[in-house]
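So the chains spell out like this:
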Amino acid sequence: MKQIVVLGGKGGTGKTTVVAALAHLMAAEQRLVLADADVDAPNLGLLLAPKVLTSEQFVGGSEAVIDAALCTGCWRCQEVCRYEAVAAQNGVYVVDPIACEGCAACAYACPAACIQMVPAVNGEWHRSETRFGPFVHARLFAGQENSGKLVSLVRQQAQLVAEDQDADLILIDGSPGIGCPVIAAVTGVDLALMVTEPTISGQHDLDRVLGVAAHFGVPAAVCINKGDINPGRTAEIEAYCRAHDLPMLGVLPYDDAAMATMRRGQAVTEASTGPLALALQALWAGLRELIAGP
């Protein structure tokens with residue numbers, strides 16, 4: 001079983017568009033499990049129309065709760081809270097669960113022992129079924145943290161499903177940036193496919209996310225989305241890949257069919273035979289050869 005994560009270093013590079021098309025092409029040849037590791041703003045489900053089979057709460061930390069009956073109003077909790085999560089309301093101190101970081105400083109400092117740390121529900125995760133295969137996805141609630149921990153949970157569950165169904169591939173739609181959720185998504189995979197765009201910021205962010213993959217010893221390959229809108233910058237990225245011995249798996253053209261098919265909730269390769277669909281088919285052919293190995 002191989003694991004492939006699709007990353008981009010920034011939002012809007014076309015990761016989910018590429019993942020949906022690859023899922024369509026892969027599912028026709030191999031047993032596939034899908035995972036959406038962008039738990040802060042998951043959108044792969046918009047194209048997969050998942051049928052949710054099971055849902056679970058995600059408890060990623062704890063939050064402070066003050067027992068008003070025991071509180072003496074000494075304000076010690078408010079004094080030690082660095083996140084301004086404690087406030088007085090009608091003579092009683094209460095904790096704002098959105099602002100609380102779960103550090104427990106208030107609970108340790110309270111002389112009346114009226115503060116308890118309770119599990120905090122930070123989000124939810126789901127096991128679903130799609131037309132391309134099983135799908136594990138999650139959503140972090142607004143203002144909540146521990147996205148990296150939730151991504152790790154999504155990946156763990158995807159691996160369990162893959163083992164149970166004897167799958168050949170796990171395809172992971174990663175999140176933008178280079179932070180905790182990206183680190184949780186890239187560690188231990190067999191290949192990171194980087195989707196970039198021919199802009200200065202796209203090239204800069206590609207370099208950063210390639211650094212993350214290299215740090216964790218994960219092989220990487222690159223494709224350029226909308227490469228024909230800036231041929232000069234595209235040529236620079238291709239030269240960069242050659243200089244760093246990075247496989248360049250394709251230059252995807254701009255195609256209005258992408259937006260049209262996504263509005264219908266379909267992958268580009270499902271409903272189009274245009275230049276972008278053909279380029280995505282070539283991308284899968286190169287990716288298939290790359291993960292097959294020697």
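Up top is the structure these notes are about.
Here goes a summary of the coordinates provided. (Residues numbered from 1 in each chain as written. Predicted model: local features only at pLDDT ≥ 70, side-chain atom pairs only at ≥ 80, totals over all residues. Heavy atoms only, no water.)

Here we come to the overall build of the protein chain. Helix and strand counts for the protein chain come out as 11 helices and 11 strands. Along the first, second and third principal axes, the C-alpha set of the protein chain runs to 70 × 40 × 40 Å. Put simply, the protein chain has 294 residues, and 48% of those count as buried. Considering only residue pairs separated by 6 or more positions, the protein chain has 77% of its internal contacts joining residues 24 or more positions apart. Accessible surface for the protein chain amounts to roughly 13600 Å². Of this, 52% is attributable to carbon and sulfur atoms. Positive and negative side-chain charges in the protein chain, numbering 19 and 31 respectively, have mean positions lying 2 Å apart. (Helix = DSSP H or I, 4+ residues; strand = E, 2+ residues; numbered from the N terminus. Buried < 20%, exposed > 50% of the residue type's maximum accessible area, 1.4 Å probe, protein only. Contact = heavy atoms within 4.5 Å. Areas by Shrake-Rupley, 256 points an atom, 1.4 Å probe, with all protein chains shown as cover. Lys, Arg positive; Asp, Glu negative; His and termini not counted. Charge placed at Lys NZ, Arg CZ, Asp CG, Glu CD.)

In this section: the environment of Glu56. Relative to the assigned elements, Glu56 resides in strand 3 (residues 51-66). Expressed as a C-alpha distance, the spacing of Glu56 and Asp228, which sit 172 residues apart in the sequence, is 43 Å. Aside from chain neighbours lying at most four places away, what touches Glu56 is Gly123, Glu124 and Trp125.

The next point concerns the sheet that holds strand 3. With mixed pairing, the nine strands of this open sheet are ordered in space as 3-6-7-2-8-1-9-10-11. In the strand order of this sheet, the two ends are held by strand 3 and strand 11 (248-251), each with one partner. Strand-to-strand twist in this sheet, taken as the mean axis angle between neighbours without regard to direction, amounts to 20°. On top of the sheet, helix 5 (residues 147-164) reaches strand 1 (2-7), strand 2 (32-36), strand 3, strand 6 (115-130), strand 7 (133-140) and strand 8 (169-173); it is set at about 165° to strand 7, its chief contact. The sheet contacts of helix 11 (residues 275-292) involve strand 1, strand 8, strand 9 (191-196), strand 10 (220-224) and strand 11, and relative to strand 11 the element is tilted by about 175°. (Pairing = 2+ DSSP bridges. Axes fitted to C-alpha atoms, helices over the stretch in contact; angles between N-to-C directions.)

The end-to-end C-alpha distance of helix 5, which contains 18 residues, comes to 26 Å, matching closely the 26 Å that a straight helix rising 1.5 Å per residue would cover. Within helix 5, burial applies to Ser147, Gly148, Leu150, Val151, Leu153, Val154, Arg155, Gln157, Ala158, Val161 and Ala162. Asp166, located one to two residues past helix 5, shows a positive phi value of around 55°. (Expected span 1.5 Å × (residues − 1).)

For the rest of this paragraph, the subject is the pattern of salt bridges. All chains considered together, the criterion is met by nine salt bridges. Residues Glu270 and Arg131 are paired through a salt bridge, measuring 2.8 Å at the closest nitrogen-oxygen approach. One end of the pair, Glu270, is in helix 10 (residues 268-271); the other, Arg131, is in the loop between strand 6 and strand 7, and 139 residues separate them in sequence. In this structure Arg131 comes out as partly exposed when scored by relative accessible area, which is 40%. Between Asp205 and Arg208 there is a salt bridge whose closest N-O contact spans 3.7 Å. Linking Asp205 with Arg208, this pair stays in helix 7 (residues 200-215), spanning three residues, or about one helical turn. Since its relative accessible area comes to 11%, Asp205 is described here as buried. Members of the salt-bridge network, linked through shared partners, are Arg31, Asp166 and Asp168. (Salt bridge = Lys/Arg side-chain N within 4 Å of Asp/Glu carboxyl O.)

Along the polypeptide, Gly123 turns up in strand 6. For Gly123, a relative accessible area of 0% corresponds to the buried category. C-alpha separation for the pair Gly123 and Trp75, spaced 48 residues apart in sequence, amounts to 31 Å. Beyond its immediate chain neighbours, meaning those up to four positions away, Gly123 contacts Glu56, Gln57, Phe58, Arg139, Leu140 and Phe141.

Spacing of three or four residues puts side chains on the same side of an α-helix, whose turn is 3.6 residues. Helix length check: helix 8 (residues 231-243), at 13 residues, gives a terminal C-alpha distance of 18 Å against a target of 18 Å (1.5 Å per residue), a fit within 8%. Within helix 8, burial applies to Arg233, Thr234, Ile237, Tyr240 and Cys241. Axial view of helix 8: buried residues confined to an arc of 120°, hence all on one face. Opposite its buried face, helix 8 presents the exposed residues Pro231, Arg242 and Ala243, each directed more than 90 degrees away. Elements in contact with the buried residues of helix 8: strand 9, helix 7, strand 10 and strand 11. Asp245 sits one or two residues past helix 8 and shows a positive phi near 55°. (Arc of directions from axis to C-beta.)

With that out of the way, let us pick up the pairing of strand 4 (residues 86-89). Relative to strand 5 (residues 92-95), strand 4 runs antiparallel, the two being bridged by four bridges. Of the residues in strand 5, the one forming a bridge with Val86 is Val95.

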